[in-house]
Amino acid sequence: MPKLSLVAPSTTLTADAVVIGVVQGAKGPELAAGAEVVDDALGDVSLLEALDAAGAKGKPDEVTKIPTLGLAKFPLVVATGLGTVVDDEAVRRAVGAALRGLGGKRTVHIAIDASVSALAEGAALGAYSFTEYKSTPPPTRLRTVTIAATNEKQDRDELRRAIAVSDAVTFVRDLVNTPPNDLYPATFAERVEERATTNGLSIEVFDERMLKRGKFGAILAVGSGSARPPRLVRLTHKPAKPVARVALVGKGITFDSGGLNIKPGAGMASMKSDMGGAAAVVGATLACAALKIPVEVIATVPMAENMPSGGAYRPSDVITMRGGRTVEVSDTDAEGRLVLADAIVRACEDDPDYLIETSTLTGAQLVALGSRMIGAMGEDDWRDRVAAAGNSVGELVWSMPIPEELRPALDSPVADIASLTGDRWGGMLVGGAFLGDFVVDGIPWVHLDIAGPAFNTKKPFGYTPKGGTGAAVRTIVAAISSLVG
Ligand code: BES
Ligand code: MN
Ligand code: ZN
């Protein structure tokens, strides 16, 4: 992540590029507040006329680059479209879109008069790139981003928060983008452990032997088809005087081939991202610790690779879960809910005040809500509160029901419950119904289905790159923060 800092708006501008905002006005493009200093630095030349000539309209995701041809100390003006309604998310997206195209510059200055939080998050998240596996690393990298702001305490607090959250999102994106031949349960757990140790969080990693001893039947069953054994990570942020305890659970399938109910090629292509929920709860816990949020956070993270082999679990197997209940495996490709149920049972043993679970659980989420909207299911009040918290920080979260008739449809003739119903209608909600059955009564819980939002298979947009997005991190941090004060 580039280094972000605040500088007075009046500073002489010397960056490699200066970013300004363009609003989509009723009568054409308008310069957004903050651009005056840039216009002034260009002397007699009118910035707005130049933008107009270049065809700028001020639309979202429109970026217009204007060279200054020696007229100013900065060689390039980057004008980014804010659209018609300039709220925090519009700013985040516009700055993100601008920074996405500036990877080769060393220093960038942002001259937009808006919330420091939105400017900083847009910049940090838009500047993301994943070059770990390129044999020739890019020659230059974005080192510093300065933001024009008054540097009052509120601005500094917003910057600190934005850095902590963006840092977590960046870590999550890296984990999701890492190929599954390098990121499998043992190495995933190691990477989390490294971070936890350097950031002073306590962590416990359960290997296969410990999983057996702990009777995590589902994590072991799902992991049994892989040569790479499963893990369970427990990561804790424990402040001195917590006002509440929140349990987090995230799906960590490092690759989902479908198992014996194997996926067709196209469906398998993006399945390295099936640990996006696990990465998100880890990231959120790290951010809560970095921000010293006075809420105890305990993340319980099951990690397994879902593969077909002679050792693999089968459809029609009955597995005994942590806590003793039995589940009939309807389809080995419905593996997420199984490992999550084991983890939810363990998480509830800590007697949390609230539970948040997130997972790339169902393709049906994409059918219902598209690729950007998180589906939220669970106890009504907490679900709506988490959804509102997410929407307030720019993630798209939509509350969905769990219709009562779905639960009896999961009755199994042989076991306590089946992992799936026979029909495919409301597939996202069936996933929610199954998970809810493992939450201890009385604990407000929410399930966030991020199957689409966790991984962008299309073009980049705003501050969202192709590949891993870091979905749900900001929602979870905002929901936990909402419990304070
Ligand atoms: N990991 C998938 C869900 C998924 C699909 C995530 C597309 C991201 C993009 C999950 O384990 C799965 O395979 N779900 C099945 C459920 C089915 C067997 C009921 C699905 O959605 O097809
Ligand atoms: Mn699956
Ligand atoms: Zn899966």
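Everything discussed here concerns the structure shown above.
Residues numbered from 1 in each chain as written. Chains lettered and ligands numbered in written order. Predicted model: local features only at pLDDT ≥ 70, side-chain atom pairs only at ≥ 80, totals over all residues. Heavy atoms only, no water.

Novice: Before we move on, could you go through the overall build of the chain and cite the residues and values that matter?
Specialist: Helix and strand counts for the chain come out as 15 helices and 21 strands. Against the compact-globule benchmark of 23 Å for 485 residues, the chain has a radius of gyration of 24 Å, which places it among compact chains. With the C-alpha coordinates of the chain rotated into their principal frame, the extents come out at 80 × 50 × 45 Å. The buried share of the chain, reckoned over its 485 residues, is 57%. Once local pairs closer than 6 in sequence are excluded, the contacts in the chain between residues at least 24 apart make up 76%. For the chain, the computed accessible surface area is about 19700 Å², with 52% contributed by carbon and sulfur atoms. (Helix = DSSP H or I, 4+ residues; strand = E, 2+ residues; numbered from the N terminus. Rg over C-alpha atoms; globule rule 2.2 N^0.38 Å. Buried < 20%, exposed > 50% of the residue type's maximum accessible area, 1.4 Å probe, protein only. Contact = heavy atoms within 4.5 Å. Areas by Shrake-Rupley, 256 points an atom, 1.4 Å probe, with all protein chains shown as cover.)

Novice: Describe in detail the pairing of strand β6 (residues 107-110), supporting the description with residues and values.
Specialist: Judged from the three bridges that link them, strand β2 (residues 17-25) and β6 form a sheet pairing that is parallel. Its bridge partner being in β6, valine 18 is matched across the sheet by histidine 109. Alignment of β6 against strand β7 (residues 144-148), held across four bridges, turns out to be parallel. Along β7, the bridge assignment pairs isoleucine 110 with isoleucine 147. For the crossover that starts at β6, traverses helix α4 (residues 116-126) and ends in the parallel β7, the hand is right-handed. (Pairing = 2+ DSSP bridges. Right-handed = clockwise from strand over helix to strand, strands pointing away.)

Novice: Just give me the short version of the packing of helix α13 (residues 380-392) against helix α15 (residues 473-481), but keep the residues and values in it.
Specialist: At a minimum axis separation of 8 Å, α13 and α15 run at an interaxial angle of 115°. In terms of crossing hand, the pair formed by α13 and α15 is right-handed. Residues Trp382, Val386, Ala389 and Gly390 of α13 form the contact with α15, whose own contacting residues are Thr475, Ala478 and Ala479. In the contact of α13 with α15, the residues fall into five nonpolar, two polar and no charged. (Axes fitted to C-alpha atoms, helices over the stretch in contact; angles between N-to-C directions. Left-handed = near helix turned anticlockwise from the far one by under 90°. Nonpolar A, V, L, I, M, F, W, Y, C, P; charged D, E, K, R; others polar.)

Novice: Describe the coordination of the manganese ion (ligand 2), naming the residues involved and giving the relevant values.
Specialist: Protein coordination of the manganese ion (ligand 2) is provided by Asp256 (OD), Asp333 (O), Asp333 (OD) and Glu335 (OE), with donor distances spanning 2.1 to 2.2 Å. Residue classification places aspartate 256 among the buried positions, given a relative accessible area of 3%. (Donors = N, O, S within 2.8 Å, 3.2 Å for Na, K, Ca; no water.)

Novice: Which residues make up the pattern of salt bridges, and what values do they have?
Specialist: Under the definition given, this model contains 23 salt bridges. One salt bridge in this structure joins glutamate 89 and arginine 93, with 2.9 Å as the shortest N-O distance. Residue glutamate 89 and its partner arginine 93 are located together in helix α3 (residues 88-100), separated by four residues, close to a single helical turn. The salt bridge partner of aspartate 384 is arginine 383, with a shortest N-O separation of 3.0 Å. Aspartate 384 sits in the partly exposed class, given a relative accessible area of 36%. Salt bridges sharing partners connect three or more residues here, namely Glu89, Arg92, Arg93, Glu121 and Arg474. (Salt bridge = Lys/Arg side-chain N within 4 Å of Asp/Glu carboxyl O.)

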